[in-house]
Amino acid sequence: MMKIKGLAKMDEERISQRVLYVIVALSAIVFLAFYLIGFDAPFAADSSFNAPLLTDVLLGFMWFLFAVTLIVSVVAVVRGVRRANQNEGVTNGIPARKITYITYGATALILLLTFVFGSTQAMVVNGQNFADTFWLRMSDMFVNSSLLLLVLAAGVVIFGATRYYRKEHRK
């Protein structure tokens, strides 16, 4: 495995903090360049619209971030499943393997269900009718899955925060 000088000595929190700072700095640079360099260039077909010069750079950066996120996610899932299968499945009395499988399964199920039940109703986008059912379902899937996962995360946090209250009233 590739070793980066000093990386092995750093804990996960410090590594993720540095990665976050790099991503925020790159995003700030790309967005500042997008808005400050040629943002007011008129669109050739209709001068009432802008055609920023660095639109391709911004889109390329977003695709790059998406690709890196996708790769890191796949690697994390594969490593998580491998680790869950290597040990007995229980870490410090916590059923880690069971939690791993439930988390991955529930996320995949939510994505699948929100895609299947996503809307295919045509929309007007930039003055034109958009009726591609696959992309309409995909966009609906991402929006609804994000909202549902946020609500579930908040519910789990509230459930965890009431742990001590529940323990006191159980007796």
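Relevant structure appears above.
Model, not experiment: these values are computed from the prediction.

Colleague: Give me the lowdown on a nonpolar patch on the surface, citing residues and values where you can.
Modeller: On the surface, F31, L32, Y35, L36, I37, L53 and M62 cluster together into a nonpolar patch covering about 720 Å² of accessible area. It is helix α1 (residues 12–36) that contributes the most residues to the nonpolar patch, four residues altogether. As for its position among the elements, L36 is in helix α1. Overall, the relative accessible area of 67% leaves L36 in the exposed class.

Colleague: Explain helix α4 (residues 133–161) to me, and be specific about the residues and the numbers.
Modeller: With 29 residues, α4 should reach 42 Å at 1.5 Å per residue; the first-to-last C-alpha distance of 41 Å fits that figure. Packing partners of the buried residues in α4 comprise α3 (96–116), β1 (123–125) and β2 (128–130). Its side-chain oxygen placed 3.2 Å from the backbone nitrogen of F134, D132 serves as the N-cap of α4.

Colleague: Go over α3 with me, naming the residues and quoting the values.
Modeller: For α3, with 21 residues, the first-to-last C-alpha span of 30 Å sits near the 30 Å given by 1.5 Å per residue. Among the residues making up α3, those that are buried are T100, I110 and T114. Viewed along the axis of α3, the buried residues span an arc of 110°, placing them on a single side of the element. Of the residues in α3, the exposed ones pointing more than 90 degrees away from the buried face are K98, I102 and L112.

Colleague: So what's going on with the packing of α3 against α4? Residues and values would help.
Modeller: Packing of α3 against α4 leaves a shortest axis separation of 8 Å and a crossing angle of 135°. The pairing of α3 with α4 is recorded here as oblique in orientation. Crossing hand, α3 versus α4: right-handed. Between α3 and α4, the residues in contact are I110, L111, T114, F115 and V116 and F134, R137, M138, M141, N144, S145, L148, L149 and L152, respectively.

Colleague: Can you explain the side chain of S145? Please cite residues and give values.
Modeller: By the element assignment, S145 lies in helix α4. Within polar-contact distance, the side chain of S145 engages the side chain of T114 at 2.7 Å. Those residues in contact with S145 that sit more than four places away from it in its chain are I110, L111 and T114.

Colleague: Which residues make up the packing of aromatic side chains, and what values go with them?
Modeller: Enumeration over the complete set of coordinates arrives at six aromatic pairs. Between W63 and F66 the ring centres are 5.8 Å apart and the planes differ by 85°, which places this aromatic pair in the edge-to-face class. With W63 and F66 both in helix α2 (residues 55–86) and three residues apart, the pair spans about one turn of that helix. A relative accessible area of 46% means that F66 is categorised as partly exposed. Measuring from ring centre to ring centre gives 5.9 Å for F115 and F134, while their planes differ by 65°; the resulting arrangement is edge-to-face. Of this pair, F115 sits in helix α3 while F134 sits in helix α4, and the two are 19 residues apart along the sequence. The exposure class assigned to F115 is partly exposed, which follows from its relative accessible area of 23%. By way of ring pairs, the aromatic residues F34, Y35 and F39 are connected into one cluster.

Definitions and cut-offs
Within any chain, residue numbers begin from 1 and follow the written order of that chain's sequence. Local features in this predicted model are restricted to residues whose pLDDT is 70 or higher, and side-chain atom pairs enter the listing and the counts only when it is 80 or higher, whereas totals over whole chains, interfaces and linings include all residues. Side-chain measures here rest on the full set of heavy atoms in the structure, leaving out hydrogens and waters. Patch membership requires over 30% relative accessible area and the absence of a salt bridge. Like charges are linked within 9 Å, and nonpolar side chains (Val, Leu, Ile, Met, Phe, Trp, Tyr) within 5 Å. Reported accessibility uses the Shrake-Rupley method at a 1.4 Å probe radius. Residues are deemed covered only where the shown protein chains occlude them. Counted as salt bridges are all cases of a side-chain nitrogen of Lys or Arg within 4 Å of a carboxyl oxygen of Asp or Glu. In this text, helices come from DSSP runs of H or I with a minimum length of four residues, and strands from runs of E with a minimum of two, each type numbered from the N-terminal end. We call a residue buried when its accessible area falls under 20% of the maximum for its residue type, exposed when it is over 50%, and partly exposed in between, using a 1.4 Å probe and counting protein chains only. Under the convention used throughout, the expected extent of a helix is 1.5 Å for every residue step, that is, one less than its residue count. Contacts are assigned to residue pairs with any non-hydrogen atoms lying within 4.5 Å of each other. For the purposes of these results, a polar contact is taken to be a pair of N or O atoms within 3.5 Å, where, inside protein, one atom must be able to donate a hydrogen and its partner to accept one; residues adjacent in sequence count only when each atom of the pair is a side-chain atom. The directions considered for the arc run from the helix axis to the C-beta atoms. Axes, fitted as lines to C-alpha atoms, cover a helix only where it is in contact. Angles between the N-to-C directions of the axes lie from 0 to 180 degrees. Each angle receives one of four descriptions, namely roughly parallel if under 35 degrees, roughly antiparallel if over 145, roughly perpendicular if within 65 to 115, and oblique otherwise. Each crossing gets its handedness from the near helix: less than a right angle anticlockwise from the far helix is left-handed, clockwise is right-handed. Aromatic contacts are taken between Phe, Tyr and Trp rings whose centres are within 6.5 Å, Trp giving its six-membered ring; a plane angle under 30 degrees counts as stacked, one over 60 as edge-to-face, and the others as tilted.

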